[in-house]
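Chains, contacts and geometry: an overview
Letter by letter, the chains look like this.
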Amino acid sequence: MSEAKRNRPSHWILLRGLAREARHWNGFPKLFEEALNNGAARGSRVDAIDLPGAGRYSEMKAPLSIEETAEFVRDKFLEIRAKIREEGEEPPQNVCILAVSLGGMIACEWLSLWPGDLQACVMINTSLKGYSPAYRRLTP
């Protein structure tokens with residue numbers, strides 16, 4: 001990412017893994033947003049999105065495919081952006097994802113389906129085939 005893009009306000013989306021909800025981030029989203037806004041990326045925003053079947057969407061049946069889950073998460077992201085605009089503000093254009101485990105698989109699918117949406121993606125401990133074999137992610 002270029003220096004100019006790195007210092008622009010960013011909209012970070014946080015995604016958790018299987019059976020985890022946004023509140024499992026605890027205070028991290030607020031701390032992360034404060035750090036961004038106290039640095040060179042003033043005007044940044046951080047939002048954690050629950051996956052279907054977890055958190056605020058716990059009553060929903062979880063999709064059986066990563067593609068359907070990615071579509072759901074992207075729809076929620078677009079709703080957040082629309083709400084920001086309804087409030088009279090313009091959302092940051094530099095959109096990034098920080099994803100853990102299954103969230104990384106969803107983020108990768110998002111990148112595949114809508115490559116122009118995201119400027120960066122950080123995947124942590126993802127279960128994505130070819131990137132992080134189980135013997136590296138798990139300890140007996």
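Within every chain, residues take consecutive numbers counted from 1 along the sequence as written. Where totals are concerned, whole chains, interfaces and linings use all residues; where local detail is concerned, this predicted model gives features only for residues with pLDDT of at least 70, and gives and counts side-chain atom pairs only at 80 or more. The side-chain figures draw on all heavy atoms in the structure; neither hydrogens nor water molecules are used.

**Examining helix 2 (residues 28-38)**
For clarity, the threshold we go by: When accessible area is computed with a 1.4 Å probe and restricted to protein chains, residues below 20% of their type maximum are described as buried, those above 50% as exposed, and intermediate ones as partly exposed. Numbered from the N terminus, helices here are DSSP runs of H or I no shorter than four residues, and strands are runs of E no shorter than two. This arc describes the spread of directions from the helix axis toward the C-beta atoms. Contact definition: two residues touch when any of their heavy atoms are within 4.5 Å.
Within the sequence span of helix 2, burial applies to P29, F32 and L36. Within helix 2, the buried residues cover an arc of 65° as seen down the axis, which keeps them to one side. Exposed residues on helix 2 whose side chains face more than 90 degrees from its buried face are K30, L31, A35 and N38. Buried residues along helix 2 sit in contact with strand 1 (10-15) and strand 2 (45-48).

**Considerations on the sheet that holds strand 1**
Rule in force here: The pairing criterion is simple: DSSP has to find at least two bridges between the two strands. Structural elements are reduced to axes, namely lines fitted to C-alpha atoms, with helices fitted over the stretch in contact, and the angle between N-to-C directions of any two is expressed from 0 to 180 degrees.
Strand order in this open sheet of 4 strands is 2-1-3-4, and the pairing throughout is parallel. Because the sheet does not close on itself, it has two edges, and the strands there are strand 2 and strand 4 (120-124). Recorded for the sheet is a direction-independent mean angle of 15° between the axes of neighbouring strands. Both strand 1 and strand 3 (residues 94-100) contribute to a ladder of 6 bridges, which runs parallel. Across the sheet, H11 pairs through a bridge with V95, a residue of strand 3. The sheet strands contacting helix 3 (residues 66-86) are strand 1, strand 2 and strand 3, and the helix crosses strand 1 at an angle near 145°. Of the strands in this sheet, strand 1, strand 3 and strand 4 are in contact with helix 4 (residues 102-113), which crosses strand 3 at around 145°.

**Considering the nonpolar core**
Spelled out, the test is: Residues belong to a common nonpolar core when they are buried Ala, Val, Leu, Ile, Met, Phe, Trp, Tyr or Cys residues joined through side-chain atoms within 4.5 Å.
Residues L15, I49, V73, I97 and I106 are the most contacted members of the largest nonpolar core, which totals 19 residues. Elements with a contribution of two residues or more to this core: strand 1, helix 3, strand 3 and helix 4. Residues within four places of L15 in sequence aside, it is in contact with W25, I49, L51, V73, I97, L98, A99, V100, G103, I106 and A107.

**Here's the deal with the environment of P52**
Locating P52 in the fold gives a position in the loop between strand 2 and helix 3. Under the relative-accessibility criterion, P52 is labelled buried at 7%. Considering only alpha carbons, one finds P52 and A19, 33 residues apart in sequence, at a separation of 9.2 Å. Look past the residues within four positions of P52 in its chain and what remains in contact with it is Y57, M60, K61, A62, P63, T69 and F72.

**Focus on the packing of aromatic side chains**
Which entries qualify depends on this criterion: A pair of Phe, Tyr and Trp rings is counted when the ring centres sit within 6.5 Å of each other, with Trp represented by its six-membered ring. The angle between the planes then sorts it: under 30 degrees is stacked, over 60 is edge-to-face, the rest tilted. Charges are assigned to positions over rings by a cutoff of 6 Å between ring centre and Lys NZ or Arg CZ, combined with an angular limit of 35 degrees from the ring normal.
Counting across every chain of the model gives 5 aromatic pairs. An angle of 85° between the planes, with centres 5.0 Å apart, marks the rings of Y57 and F72 as edge-to-face. Of this pair, Y57 sits in the loop between strand 2 and helix 3 while F72 sits in helix 3, and the two are 15 residues apart along the sequence. For the pair Y57 and F72, a shared accessibility class is recorded, and that class is buried. Taken together, the aromatic side chains of W12, W25, F28 and F32 make up a single cluster linked through ring pairs. A cation over a ring is seen here: R16 above W25, with NZ or CZ 5.1 Å from the ring centre.

Without other data, these values stay purely geometric and don't point to any function.
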